[in-house]
Structures are given as structure tokens and as C-alpha cells.
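Fold and contact review
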Amino acid sequence: MPKFLTKGVSTVRSLHFKLDSKPLFPFFTSNVSFWYSGQVALWQGIHQLGLKKLDRVLVPAYSCGLEIDVLLSAGLQTDFYRIKEDLTPDFEHLEALCKPGVRVLYVTHYFGVSQPLLMLRDFATDHGLLLIEDNAHGLYSKDKDGQWIGREADCSIFSLRKKLPIPDGGALILRNKTQDAGAERPDCQNPPLNRVFRSGVLMACQELVYLLPGGIYQAITRRKVEKEARQMESTDEAGFDQSQANWSTSRLTKWIIRHVNHSHIRESRRQNFQVLDACFRGGKTTRKLLGSLWDGCCPWFYPVMADNPEGLVNFMVSHGIWAGRFWAQEHPNIPLQEFPFERLLKRQLVVLPVHQGLSKEEMRRIGCVLNMWSAKETIPGVQNC
Ligand SMILES: Cc1ncc(COP(=O)(O)O)c(C=O)c1O
């Protein structure tokens, strides 16, 4: 059997569909509800917390933009706070922003790395604020104390499709609701079939990328990167599509969630991150963003800061490896000129895959190509790692 087929069959068998693997947190909690996306989960959370138009929310200036669109669509006002170089909130700045009218502290666990939740919880309590945890990147991550992240806040949201092979999916946890907060609602709808079909095909293509032989992988990767670059350049304002506000997760997603090997996905992503981190030496022009992973963290990507991010993406793609600029698009509501570090992240961050379908050897190769780029940038003419 050709090598890629052997790899494909063993990956599908061992990794994706193993019937004895139980879903991990948040799937078994009593106060979780499932929605079409992280955005829809956030929209539902905002309304179930009883937030009203013109309530103010403290949001990190380093944000994706999709969450900002939901907050603004719900009529909330946003005040942006600084983050520090370790990506944790700047508490002094938060303190200065706590003025009358502020009702919520919004915190994001970037790449699945936990924020200092107990400190944030105390801060929110002391200032009479509700805490929203954006755990879009942090499915299956635990904090330094070994607690699942997404359980400390008044409202936590998850974007399930970032780590699981599903076409759609978001989860919402509301701390003070013990009943399922969404599934029983009469106005909660299944997403339209054509929508599920379209995103199902897209999802299958993305998953396949990790199973294909070099040449095809390279062609798909190049097209994916070109599409992402076009999206980044587009000035269309996406906003939040309120026609989706009551969409639950599709039946297809629910079925897949019951059958994937959750523990395997979690462990493989951790291991892949660690292998790449051990291989990548870092350098002057291409630097590591995160320290080493603690025991419970389940990462979304491997992020690096690059002086020439476009060049790095093209170099990786020319070696058949997907790499992408991360959150490079600036949201019109965030005054990034006042936030130099956050703007630098938008301009320089590049992410590399730690997908569960990649093997240790493939991760070592990614590290090797990354070192090659780093050496080439520092000492022109160097070609090999
Ligand atoms: C920090 C953050 N919050 C929320 C979302 C929205 O999640 P979804 O794409 O599932 O709607 C994203 C998506 O990338 C995100 O990065």
C-alpha cells in the first residue's frame, strides 16, 4: 500500500474514530450548551448574563476581531486593555479602566495557554464585574493547578472546530445555570443542511491536508495560504451574522464528537508542540513567543514572531509546510496606534501546525525547516539546518 494510504488509514483508525474514548471537559458538565460557533456561544452568553445595551466591557487590545463584532452587535461598548509580553493582562491598566458603567472583564486564553484565572476572578469580584472567559483556543487545556480552563468565569465560550475534526461547533458554560442553557429552548434551530454540507467538505479538505503525500499537500497548502492572504487584504467588514444567533451545533458535529478519540487529540497536540519547540532554536529574526508548555496545556498552534512574516510563510510553503499569519487583520474599533506591543503581534506573528494528524518525524522536519529559515535570515547564504 502506498505510504500516504497507510498513514491515512492508521490515522483515521487510531486517532479520529475510536469508540472507547470518552469526551473530556466541557462535554460532560451539566451547565454546558452547544451552539453553531464560538461567536454564537458568545452571543447567547451575553444575553443570558442579562447584559444590556451600552454596558461597558474591558477587552484585550490583542483580539481576533470576531469576538469584538459580537460584543458590538449586542450593543455593548468596548474599552481596550494592554497585555504584557507574556500575554497576560496588564492589571495596572485594567485598574485605570474600571470606571462607572463597566460591567464585564473579558479575558482570552491565547493559543490555549491559561491566563492567571484566580487573580482575574479576584479582580472581577473586587470591582463588581462579570468575568467572561474566551476559551476559543483552549479546548482540553488545563491551568497550572491542573483545572480545566473555562470553568472559572461567569460565562465561558469554546470554539470546538479549532481542534476537533467537525464542520461547526461552539460551547457555552454559564456558571450559575445548572440546567442546559440552550438545547431546550424552543427557538434553538439546527443550522441549514447546505451550510453544514459546505463546511463539512471544507473541514474534510483541511483534515486531509495532514494525510496527503508531499506534492498534493504542497499544492493545497499554497492555495490555502493564497486564500488567507486575499482575506487579510479584503477590507469588507464581516460583523456578526445575527441570522445565526439561535443555531445549535449540527447533528453531524454531535455525531463526530461522540466518536472521536478526545484524549489522543489532546496528547498528540501537546507532544507535537513539544517536539517542535525542542527542535526550533530561535534566533534574532525569528523568535519563540511562548515558553515551554506546562503539563495541562493543549495548544492550538506553535506561534513564532518573525521580522519578515510574509517571507517565513512563503519559505515554509515552498517546503510543503502550512504556515499562516495570525490575526494580521486589524479591527477598525481597536486603536492599535495606542498599543505598540499588540500591533507588533498583529504584524509579526506566524503560526505553525501542531495538528494531531502530524507525526513526530513531521514535527522535526517543520522544526528543521524553521531553523533553516532562521539561519538564512541571520546569516545570508546559509541553506541547511
Ligand atoms: C479569541 C476568539 N474568540 C472567538 C472566536 C470565534 O470562534 P468561532 O470561529 O467558532 O465563531 C475566535 C475565532 O477564531 C477567536 O479566535
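Overview of the structure. (Residues numbered from 1 in each chain as written. Predicted model: local features only at pLDDT ≥ 70, side-chain atom pairs only at ≥ 80, totals over all residues. Heavy atoms only, no water.)

Let's talk about the sheet that holds strand β4 (residues 102-108)
Strand order in this open sheet of 7 strands is β1-β7-β6-β5-β4-β2-β3, and the pairing throughout is mixed. Strands at the two margins of the open sheet, each flanked by one partner only, are β1 (32-35) and β3 (77-81). Direction aside, the axes of adjacent strands within the sheet are offset by 20 degrees on average. Of the strand pairs in this sheet, β4 and strand β5 (residues 130-134) are connected by 5 bridges, and their pairing is parallel. Opposite Y106, over in β5, you have I132 as the bridge partner. On top of the sheet, helix α5 (residues 117-126) reaches β4 and β5; it is set at about 150 degrees to β5, its chief contact. (Pairing = 2+ DSSP bridges. Helix = DSSP H or I, 4+ residues; strand = E, 2+ residues; numbered from the N terminus. Axes fitted to C-alpha atoms, helices over the stretch in contact; angles between N-to-C directions. Contact = heavy atoms within 4.5 Å.)

With respect to the pairing of strand β6 (residues 155-159)
In terms of residue burial, β6 counts as a mostly covered element, since 5 of its 5 residues are buried. Bridge count between β5 and β6: 3 bridges; the pairing is parallel. Counterpart to E133 in the pairing with β6 is S156. Relative to strand β7 (residues 170-174), β6 runs antiparallel, the two sharing 5 bridges. In the sheet register, S159 faces β7, and the bridge partner there is G170. (Buried < 20%, exposed > 50% of the residue type's maximum accessible area, 1.4 Å probe, protein only.)

Structural notes on the site of the ligand
Taken together, 14 residues form the shell around the ligand, and within it G38, D134, H137, S159 and R161 come nearest. Here an oxygen atom of the ligand and a backbone polar atom of G38 are 2.8 Å apart. One nitrogen or oxygen atom from the side chain of R161 is found 2.4 Å from an oxygen atom belonging to the ligand. Here the ligand, which alone exposes 390 Å², has 95% of that area covered by the protein. (Near = heavy atom within 4 Å. Polar contact = N/O pair within 3.5 Å; in protein donor to acceptor, adjacent residues only side chain to side chain. Areas by Shrake-Rupley, 256 points an atom, 1.4 Å probe, with all protein chains shown as cover.)

Here we look at the layout of surface pockets
Taken as a whole, the second largest pocket holds about 450 Å³ of empty space. Taken together, 21 residues make up the lining of the second largest pocket; nearest its centre are T88, V113, S114, K144 and W294. For the lining of the second largest pocket, the class distribution of residues is 11 nonpolar, 5 polar and 5 charged. Taken domain by domain, the lining of the second largest pocket gets at least three of its residues from each of domain 1 (22-174) and domain 2 (196-235 + 262-375). (1 Å grid on protein atoms, 1.4 Å probe; cavity = no way out; pocket = protein on both sides within 12 Å on 5 of 7 lines; lining within 4 Å. Points joined across faces, edges and corners; volume = space filled by probe spheres on them. Nonpolar A, V, L, I, M, F, W, Y, C, P; charged D, E, K, R; others polar. Domains from an automatic or database assignment.)

Things to note about the nonpolar core
L105, F111, M316, F326, L345, L349 and L352 are the most contacted members of the largest nonpolar core, which has 60 residues in total. Element by element, the count of residues in this core is highest for helix α12 (residues 360-378), at 6 residues. Once you skip the residues sitting within four places of it in the chain, L349 turns out to touch Y62, F111, L289, P303, V304, M305, G324, R325, F326 and L344. Of all hydrophobic cores here, the second largest spans 32 residues; its members include Y36, F80, V104 and Y106. (Core = buried A, V, L, I, M, F, W, Y, C linked by side-chain atoms within 4.5 Å.)

Digging into helix α3 (residues 66-73)
Listing the buried residues of α3 in full gives E67, I68, D69, V70 and L71. On the buried face of α3, the contacting elements are α2 (38-48), β2 (56-60), β3, β4 and β5. In the stretch just after α3, G75 is the one whose phi turns positive, near 85 degrees.

Remarks on the pairing of strand β9 (residues 301-306)
Among the 6 residues in β9, 6 count as buried, and that is most of the element. Residues F301, P303 and M305 point to one face of β9 and Y302, V304 and A306 to the other, with burial holding for every one of them. As judged from the 3 bridges shared by strand β8 (residues 286-288) and β9, these two strands associate in the antiparallel manner. Note that in β9 the partner of K288 across the bridge is V304.

Observations regarding the side chain of S63
Summarising the element assignment, S63 is placed in the loop between β2 and α3. A relative accessible area of 1% means that S63 is categorised as buried. From its side chain, S63 meets the backbone oxygen of P60 in a polar contact 2.6 Å long. With residues up to four places along the chain from it excluded, the contact list for S63 reads I68, W327, I334 and K346.

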